[in-house]
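Listed below, chain by chain, are the residues.
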Amino acid sequence: MTAPDPRPLTGEPVSLDLLNTCWMYGGVRQDLLTGPEGLHIWLASNSLDRRFPADAAALEHVLVAREALAAAVDSPGGKAGIERVNAVLGHGRIRATLTPEGPGEEVEFEDPSWGAAWTAARDYLDLLRAAPDRIRRCAHSACILHFFDTSRNGTRRWCSMATCGNRAKASRHYAKAREA
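None of the values given here were measured: they were computed from a predicted structure.

1. Side note on helix α3 (residues 56-74)
Taking 1.5 Å of rise per residue, the 19 residues of α3 would be expected to cover 27 Å, and the 27 Å separating its terminal C-alpha atoms lies within 8% of that figure. Turning to α3, its buried residues are A58, L59, H61, V62, A65, R66, A68, L69, A71, A72 and V73.

2. Structural notes on the pairing of strand β2 (residues 28-31)
Relative to β2, strand β1 (residues 22-25) runs antiparallel, the two sharing 4 bridges. Bridging across to β2, Y25 finds its partner in V28. As consecutive antiparallel partners, β1 and β2 are separated by 2 residues, and within that stretch G26 has a phi angle of approximately 60°, a positive value.

3. A closer look at the pattern of salt bridges
Under the definition given, this model contains 12 salt bridges. A salt bridge links D74 to R137, with the nearest nitrogen and oxygen atoms 4.0 Å apart. With D74 in helix α3 and R137 in strand β5 (residues 135-137), the pair connects residues that are 63 residues apart, well separated along the chain. D74 sits in the partly exposed class, given a relative accessible area of 45%. Close ionic contact of E108 with R95 constitutes a salt bridge, the shortest N to O distance being 2.6 Å. Taken as a pair, E108 in strand β4 (residues 102-109) and R95 in strand β3 (residues 92-99) lie far apart in primary sequence, 13 residues in all. Overlapping salt bridges, with partners in common, bring together R93, R95, E106 and E108 in one network.

4. So, the side chain of R134
Looking at the secondary structure, you find R134 in the loop between α5 (115-130) and β5. In this structure, R134 is buried with no salt-bridge partner, the nearest side chain bearing the opposite charge being D149 at 4.2 Å. Of the polar contacts made by the side chain of R134, one reaches the backbone oxygen of S151; its length is 2.5 Å. Setting aside anything within four residues of it in sequence, one finds R134 in contact with F147, F148, D149, T150, S151, R152, N153 and G154.

5. Thoughts on the nonpolar core
Counting 43 residues, the largest nonpolar core has L18, L39, W42, V62 and C159 as its most contacted members. Among the elements of the structure, α1 (14-19), α2 (36-45), α3, α4 (79-89), α5 and β6 (146-148) are those that each provide at least two residues to this core. No other element matches α3, which puts 8 residues into this core. Excluding its chain neighbours within four sequence positions, the residues that come into contact with W42 are R7, V14, D17, L18, T21, L32, L33, L48, V62 and A116.

6. Describing the packing of α2 against α3
At their nearest, the axes of α2 and α3 sit 9 Å apart, and the two run at 70° to each other. Considering their axes alone, α2 and α3 lie roughly perpendicular with respect to each other. Crossing angle aside, the handedness with which α2 passes α3 is left-handed. Contacts between α2 and α3 involve P36, L39 and W42 on the former and, on the latter, A56, A58, L59 and V62. Of the residues assigned to the contact of α2 with α3, the class counts are 7 nonpolar, no polar and no charged.

7. What about the environment of R152?
Inspection of the secondary structure puts R152 in the loop between β6 and α6 (161-179). The spacing of R152 and D49 is 103 residues in sequence and 32 Å in space, taken between C-alpha atoms.

8. Considering the packing of aromatic side chains
Taken as a whole, this structure holds 2 aromatic pairs when the rule is applied. Taking 5.8 Å as the distance between ring centres and 80° as the angle between the ring planes, the aromatic pair formed by F52 and F109 counts as edge-to-face. Residue F52 is found in the loop between α2 and α3, and its partner F109 is found in strand β4; the two are separated by 57 residues along the sequence. F52 sits in the buried class, given a relative accessible area of 8%. Here F109 falls in the partly exposed class, since its relative accessible area comes to 24%. Relative to W118, the ring of F109 has its centre 5.5 Å away and its plane inclined at 75°; by these criteria the two rings are edge-to-face. When its relative accessible area of 6% is taken as the criterion, W118 is described as buried. Every member of this aromatic cluster is reached through a ring pair, and the members are F52, F109 and W118. Against the face of F147 rests R156, its NZ or CZ located 4.0 Å from the ring centre.

Scoring rules and cut-offs
- Residues numbered from 1 in each chain as written.
- Predicted model: local features only at pLDDT ≥ 70, side-chain atom pairs only at ≥ 80, totals over all residues.
- Heavy atoms only, no water.
- Helix = DSSP H or I, 4+ residues; strand = E, 2+ residues; numbered from the N terminus.
- Expected span 1.5 Å × (residues − 1).
- Buried < 20%, exposed > 50% of the residue type's maximum accessible area, 1.4 Å probe, protein only.
- Pairing = 2+ DSSP bridges.
- Salt bridge = Lys/Arg side-chain N within 4 Å of Asp/Glu carboxyl O.
- Lys, Arg positive; Asp, Glu negative; His and termini not counted.
- Polar contact = N/O pair within 3.5 Å; in protein donor to acceptor, adjacent residues only side chain to side chain.
- Contact = heavy atoms within 4.5 Å.
- Core = buried A, V, L, I, M, F, W, Y, C linked by side-chain atoms within 4.5 Å.
- Axes fitted to C-alpha atoms, helices over the stretch in contact; angles between N-to-C directions.
- Parallel < 35°, antiparallel > 145°, perpendicular 65-115°, else oblique.
- Left-handed = near helix turned anticlockwise from the far one by under 90°.
- Nonpolar A, V, L, I, M, F, W, Y, C, P; charged D, E, K, R; others polar.
- Phe/Tyr/Trp six-rings, centres within 6.5 Å; stacked < 30°, edge-to-face > 60°.
- Lys NZ or Arg CZ within 6 Å of the ring centre and 35° of its normal.

Encoded structure:
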């Protein structure tokens, strides 16, 4: 049985969910991916645990992918991020297939331990195709979480209105009360 996921924000697309394996709690940076156990939790949270291993090699590759995605998300279009994401993507490929149901695709990896890392990098490409302007970092200055804005009007600012959004509102209220 997998331990519960301790992260404050889960359920984002797999690429952003990988970035969210680091978060702040009480002003201290937390990291889910400090060992294979944390990798297993992340894989299970994204329904990848039956497809990919949670061993030391896979952990190393997922950490490489997380750093590559962070570079790409933090500096969209930046050469370093592009090169790092492409390096991760270089460890797998999509092969076109024909099945009884029709055209299909099959993912192949040179080394299966790259599977989860490659999947996260590939997901980032899908987000860029769908709506690159909706890949966001939480607007709260003390938060490091990322999300894909699925709001109708595209104005979501917080990873969670209940936590970061509420903190920002409380800070504004406190500042106004101090001025008065």
